[in-house]
Each structure stands twice: as structure tokens, then as C-alpha cells.
Amino acid sequence: MRTLLVVLLALVVSHTDAGEAATYYVDSDIGDNGSEDPEDPATPLETIAFANTLVSAGDAIMIKGSSDPGFPPYYEPIVPTTPDVTYEGWGTARPQIVHQSNAAFTAAQNRCIWLKNDDYVVVKNIECNGETSAFSGGYVLFQTSDYNEIRDCAFIGGRSGIGIQSGEYNRIIDNLVDPDLGPAPSGLDVITFSTDAKRNLFEGNEVTDGEHGTLRIQGSMNVVRNNRLSNPNGRVFEIVHELALGHPPADRNVVDGNEMTGSAVLGQTGTVNVFQLWASRNLVRRNLIHANGGTGIKLTRKTSGPVLPVEDNRIVHNVFYANGQDPDNGIQFDLAGFHLQSANGTLSMEGNVLANNVIQDNNQTSDVQILIDGQPLQSGTGTQETVIRSNAIVDTGSARIFIEDPPDYCEDQVTTPPQSPATIADYESCFPSLVSGNLGTAPLFVDAANGDFRPQAGSATRDAGAFLTTTVLAGTDQTDIPVEDAGYFFDGFGIPGVDGDTIRVGIEVRVVTAVDYANHILTVDAPTTFAQGATVTLGYLGSSPDIGAFEYSECNDGVDNDNDGDVDWDGGSPSGSADPACPDPYREDEGPACDDDVDNDGDNKIDWDGGPGGGTKDGDCLNKPWGYSEGGSSCGLGFELAPLCAGLLWLRSARRRRTIVERG
């Protein structure tokens, strides 16, 4: 008996070793659960459920798909029984799992993918197809499951959704979610992160439909970035603090680089907000919210339950364009790009910041770009202060803000009929400590009508943005940096594959590795020397941040700036031909900076590579190709600061919003 136990233990150890992981094949057409060699794709198993009985941690189950219309789908869910298993489609098409109501299943089992107490499970390249629009289950359900990944899948048809009831560090990446929900909203949110869903990633997905809403978050420290979200039936996104149910606050979520468009325009009266934020301490940045029927973003209280504060949200570097109107039918609604409502003064709105955004051509009926009601903008009270700074607030007729109930000390300056709101200048005069530095000049987008919101070379938004915060003390060779406000930044929350922000502390480029929000301390990846009052902000090109979601880059503007016959384009933007003089799209300019006979980086050496043109050889330029940028033209910061370029890779990933590949 002892010998047998030793042999069995040896087999287990051998099988779970990283080099001995097994791969099992499943084929709904020719598979046989009695196969003697299920690790051979020529002799596969028939069902996923039977494959589950064979796997150990580290194994993979390959599920056959075929473009042959006669290939049978799988009428069974993926329900792992072992942690650390990969389920992946193979063949000429994604395998199709048809999920249907089954009286023998529990409600939770009526899913394509059900993860319950499962960790480190990966599901890739699977198609989940809702058989009927009346299906009451869902595509994916996470229950007390951590570190799982759903990637490159398609979820199509049915009245279904993806829900994380409880779980951390899960990743939902590069999927297509296209339910068939119809025109009549019935209360379904397609993607839901419940109150116990924390530190999860939703990235690179395309979601095309919704009923009540497309994506709803009630948990904390989740990251939603670089997705394309649309909902012709209602709202796209909401973050909700469910204190009425005794739940913790929905705070510290990061909503970054998403496109929200084509929403709330059919069958609606314009009362649906595209993005509704009724929670505190969330970070909303670099999103494109455009061409929707409702208000771009609204901060307000939840309509039921106790009055909850909506405080300390940071809404920065977004574009709110052409919202509050139906572009197909020419209908315009009495809404705005940004609406802040404090329920007639009964709701605390303290500490919200709206900075470095473009808010343009929303609600052209009354020219209102920013609508404020309930006295949430109160300089001097200390309880309702809201900051509006360095935004481009633009309408075709004029730049407009409207406050419904201004305080007495400012009433004469800004009280005007709603159809003729006060201007930016009126508010900046009345609230100088809260409303400042805003522009009324159009940003000159490359092609806003077609969703290209990069600024042109002559845009007034270039270098016109505010630095987000400053240091409160001086420091020498420190990795802990005390700042006025740490709420603009995050450290990745420990989510696999999510790095902390790349920032500039003065002229130094650093990566945030930890954030102490209570004490406003940023921990960075390298010792840093800084003065008291040094600027701290996200990475940028030029002398200051640009207003809007994108930084201007000559190497990605579609123009032949150096007249070499090649359009200055890095190969990743919507149009143009790649220029070999622009190997890095995040440089401020292109051209032979290493052969320009100028000391761009101030190191007392002429920036010359030793080639034609003369000058003193600079070690930073030796053996570098023509067009290599050092000094001031390497991201506009000096070659020594070039790591910032890597920190701006969100620009490249953001293009995915416009060029999502076919998922077939």
C-alpha cells in the first residue's frame, strides 16, 4: 500500500509540474468520451464536462470550432471543477456554446461560463450564443472567484450579461458583447460589477447594446479602460454607491480611455444620461463621450434611499462632444455635456474637479455646455466647493455655463434666463478660486464628425491644460512624494498586467507603484528630487498638458511636416502612410533632431551624429538613425526623459476603440 501511495504521489507531482501540463481535446462532431488518447486532436472527447473530470491544475482543454455550418454547437456550459485550467477554442472558427434555459440547471448554471470558487481559470476564443431572446440566464457569472481571465470571446444574442458578483483580480479583455435586447428597456444591465467585485479589469471590449444600461459598477478599485460602449436603448455607464443596502462605497474605480457613443437616442426623451456617477472618489479620464442623446456625464444622488454624498471625483482630460441630441433625426434635448446636480442643496458635492476636458457643441438648443443646479458651486462655504478649471467649453454660438440657483453674493452676475446662460467670464469673475483658466475656443479636432478627436497643430488646446497637482514639501532622492491631491493617480491596484500611472514630477518621469490616498503620498519607482510646489501630472508632450483626451503629436498628425515626401504618421492612426522618420509616434516632432546642430537637451553638446552637416559629436546621437530624436524633440522633454513615451502607450491602445478587429 505504501508503495502504491508513493507511485500515485509521484504521478501527481509529475503531472502538475509546469513542463508536464496536459492538453485535452474536445470535438462535438467526432468526439468520444471513451477515447483512449484524448490528448491527441485526432481522437478527442465529446463533451467539456467529461474533460473536466480528467484535468489537473495547469492543464488545458481545447474546444473544437468549425466554419462548417453543419458542425454541432455545444449545449453545455463551461463550469470548471479544477483551478488553473485553460479553456480555449481551436479550429477554423470559435466553438459555439449555445446557452439555453434548462430546468435541470440552477439559475447560476444557466450561463455559458460559470466560475464559482474558481481561481486562475482562463477562457479564450469561445463564442457564447443566446438561443432565444427570452433566455433568462447570462453569459458569464463570477462567484467568489479570483485571478480569472475571459479573453477574445464573442457573446452574442439573447437577453444576457456578464456579472462579477464577488471576486478580485479578474480580467475581461478584448471580447465582443452583442446581445439582442430590442428597443424596450426592461431593467437589464449587460455588464455588472457588484459591491463585492473589487480590483477587476474590463479592457478592450466592444459592447453594442443594453437595456437599463450597458455597464454598472457597484464595487471598488475596478479598472475599465479602452472599451467601446454603446446603448441605443438607454444609459451606457453608471457607478452607484448602494449605501441604502448597507454596502461599502463604490469608490476608487478608474474609467480611462473608453469611447461611449451612439447611445440613448432611440425611443428616449433625452432624460437618460450617458454616464451617471452617483458615488465618490472615482477617476474618470481620457474618455470620448460623443454623439449621444443624453447628457454626457451627470453627477447626482441616487433616486431612492438615503441622500448619499457625491464627493472628490476627478473628471479630467475627457471629450464631451455633441451630446444631448439625436444625430440621426436632428432632435435636440434640453441637456448638457456635463451636469452637476445636488438635489436642491441637500446633497454634499464637495471636492469634485472638472479639469482639462473639452466640452463642445452639446445641446445646441440652449447653448448649455455645463449645467449646475442645487447650489453645488459655492465659493466660501467650504461644503459644496466644485472646481472647474482649464476646460475648453465651446458652443458654435458661444461658450456657456448655466447655474440654476446661484448664491446671493453672485446673483447679479450670473442670473440670466436658461435660454441665455452666463458666459465663462461671468463665472470666473464670480468664483475666481473655483472657476479658472477655461477656454471658449474650438479645439480644432482632426475629424470630430468621424470620431477622430486628436488636436490639430493649430489647436488652442495644445499646452493649455492645468498641471493636476503639486508637491507639498521638497525632497531629495525620495520615492515617497507628498502631494496636494493623490486622487488623480492610481498604482494598478495589483491587477495582473495593469501598471501604475506614468507621471512627471517636475521634469522627472516616474511610475507610480503605490498610492496612499488618506495621506496623499505617491510612491514611485525611482529616487526623485523635487522642490516644494513642483508640478505633478500625467505624462504629456510639449511644455504643458493638452486639454482633451489626446496629446498633439507631430508624428501622428497625418502631415508631411519635414517635407521628405512621407506623411508623418507612425503606422497606427486612422489614415496616412508610415514615415520611417517617425518610429516613435509619441515624439512631439519628427525629422533629423540628431543632425540639427542644436543642443536640444541642454547637455552642452551639439546634437549631431557625426554624419553630413558638421558639428560636435554628441554621445546621445552616435550610431542613431536619421530622424532619431534626442533632446527637446524626444517627446518634447529631452532624450533622457524618453521613458515618458512608454507611459503614453494608452494613445496606441485607445485607437483600438476605432479599429476593433473582426471577431469571427
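Along every chain, residues carry numbers that run from 1 in the direction the sequence is written. In keeping with the predicted nature of the model, local features appear solely for residues at pLDDT of at least 70, side-chain atom pairs appear and are counted solely at 80 or more, and the whole-chain, interface and lining totals rest on all residues. In computing side-chain properties, one takes all heavy atoms of the structure into account and sets aside hydrogens as well as water.

Colleague: How do you make sense of the nonpolar core when you look at a structure like this?
Modeller: Burial of nonpolar side chains together is a common tendency in soluble globular proteins. What makes a nonpolar core is a set of buried Ala, Val, Leu, Ile, Met, Phe, Trp, Tyr and Cys residues whose side-chain atoms join them at distances within 4.5 Å. In this scheme, a residue with accessible area under 20% of its type's maximum is buried, one over 50% is exposed, and one in between is partly exposed, where area comes from a 1.4 Å probe on protein chains only. Of all hydrophobic cores here, the largest spans 75 residues; its most connected members are Phe 155, Phe 237 and Phe 275. It is strand β14 (residues 189–198) that contributes the most residues to this core, four residues altogether. If sequence neighbours within four positions are ignored, Phe 275 has contacts with Phe 237, Ile 239, Val 255, Met 260, Val 284, Ile 289, Thr 295, Gly 296, Ile 297 and Lys 298. Of all hydrophobic cores here, the second largest spans 31 residues; its members include Met 221, Leu 283, Val 505 and Ala 534. Helix and strand assignments come from DSSP, with helices taken as H or I runs of at least 4 residues and strands as E runs of at least 2, each series counted from the N terminus. Any two residues having at least one pair of non-hydrogen atoms within 4.5 Å are treated as being in contact.

Colleague: Which parts of the structure should I look at to understand the pairing of strand β35 (residues 386–389)?
Modeller: Where a strand is regular, its side chains alternate between the two sheet faces. Each pair of strands is called paired provided DSSP finds at least two bridges between the two strands. Inspection of the sheet shows strand β32 (residues 352–355) paired to β35 by four bridges, in the parallel sense. Paired with Asn 352 across the bridge in β35 is Thr 386.

Colleague: So what exactly am I meant to see when it comes to the environment of Val 123 here?
Modeller: Note on placement: Val 123 falls in strand β6 (residues 122–124). Aside from chain neighbours lying at most four places away, what touches Val 123 is Ile 78, Tyr 87, Ile 113, Glu 149, Ile 150, Arg 151 and Cys 153.

Colleague: Could you clarify how one ought to interpret the sheet that holds strand β42 (residues 475–482) in this entry?
Modeller: Strand-to-strand pairing in sheets goes through backbone hydrogen bonds, with the strands running parallel or antiparallel. Strand order in the open sheet made by the six strands is β41-β46-β43-β44-β45-β42, with antiparallel pairing throughout. Each edge of the open sheet is held by one strand with a lone partner, namely β41 (469–470) and β42. The sheet contact formed by strand β43 (residues 502–505) and strand β44 (residues 508–516) spans four bridges and is antiparallel. Looking across to β44, one finds that Thr 502 is bridged to Val 511.

Colleague: Just to check I follow, could you spell out the pattern of salt bridges for this structure?
Modeller: Opposite charge on two side chains makes pairing possible when the charged atoms of those side chains draw close. Salt bridge, as used here: a side-chain nitrogen of Lys or Arg that lies within 4 Å of a carboxyl oxygen of Asp or Glu. Enumeration according to the criterion identifies 16 salt bridges in this entry. Across the pair Arg 199 and Glu 168 runs a salt bridge, and its minimum N-O distance is 2.8 Å. Linking Arg 199 in the loop between β14 and β15 (201–203) with Glu 168 in strand β11 (residues 162–168), this pair joins segments that are 31 residues apart in sequence. Among the charged side chains, a network of salt bridges with common partners joins Glu 149, Arg 151, Arg 171 and Asp 174.

Colleague: Would you mind showing me how to read the packing of aromatic side chains here?
Modeller: Pairs of aromatic rings are described using the distance from one ring centre to the other and the angle between the two planes. Only Phe, Tyr and Trp rings take part, Trp by its six-membered ring, and two of them pair if their centres are within 6.5 Å. Stacked means planes under 30 degrees apart, edge-to-face means over 60, and tilted covers everything else. Applying the stated criterion across every chain, the model contains twelve aromatic pairs. Geometrically, the ring pair formed by Tyr 25 and Trp 90 is edge-to-face, given 5.3 Å between the ring centres and 80 degrees between the ring planes. Separated by 65 residues along the polypeptide, Tyr 25 in strand β1 (residues 23–26) and Trp 90 in strand β3 (residues 86–91) bring together distant segments of the chain. On the basis of relative accessible area, Tyr 25 is assigned to the buried category, the value being 17%. When the centroid spacing of 5.0 Å and the interplanar angle of 5 degrees are considered together, the rings of Tyr 120 and Tyr 147 count as stacked. One end of the pair, Tyr 120, is in the loop between β5 (111–116) and β6; the other, Tyr 147, is in the loop between β8 (138–143) and β9 (149–151), with 27 residues separating them in the sequence. According to the relative accessible area criterion, Tyr 120 is partly exposed, its value standing at 45%. Under the relative-accessibility criterion, Tyr 147 is labelled partly exposed at 31%. The rings of Tyr 120, Tyr 147 and Tyr 169 are connected pair by pair, giving a single aromatic cluster. Only lysine NZ and arginine CZ atoms are considered, and such an atom sits over a ring when it is within 6 Å of the ring centre and within 35 degrees of the ring normal. Positioned above the aromatic ring of Tyr 517 is the side chain of Arg 252, whose terminal nitrogen or guanidinium carbon lies 3.9 Å from the ring centre.

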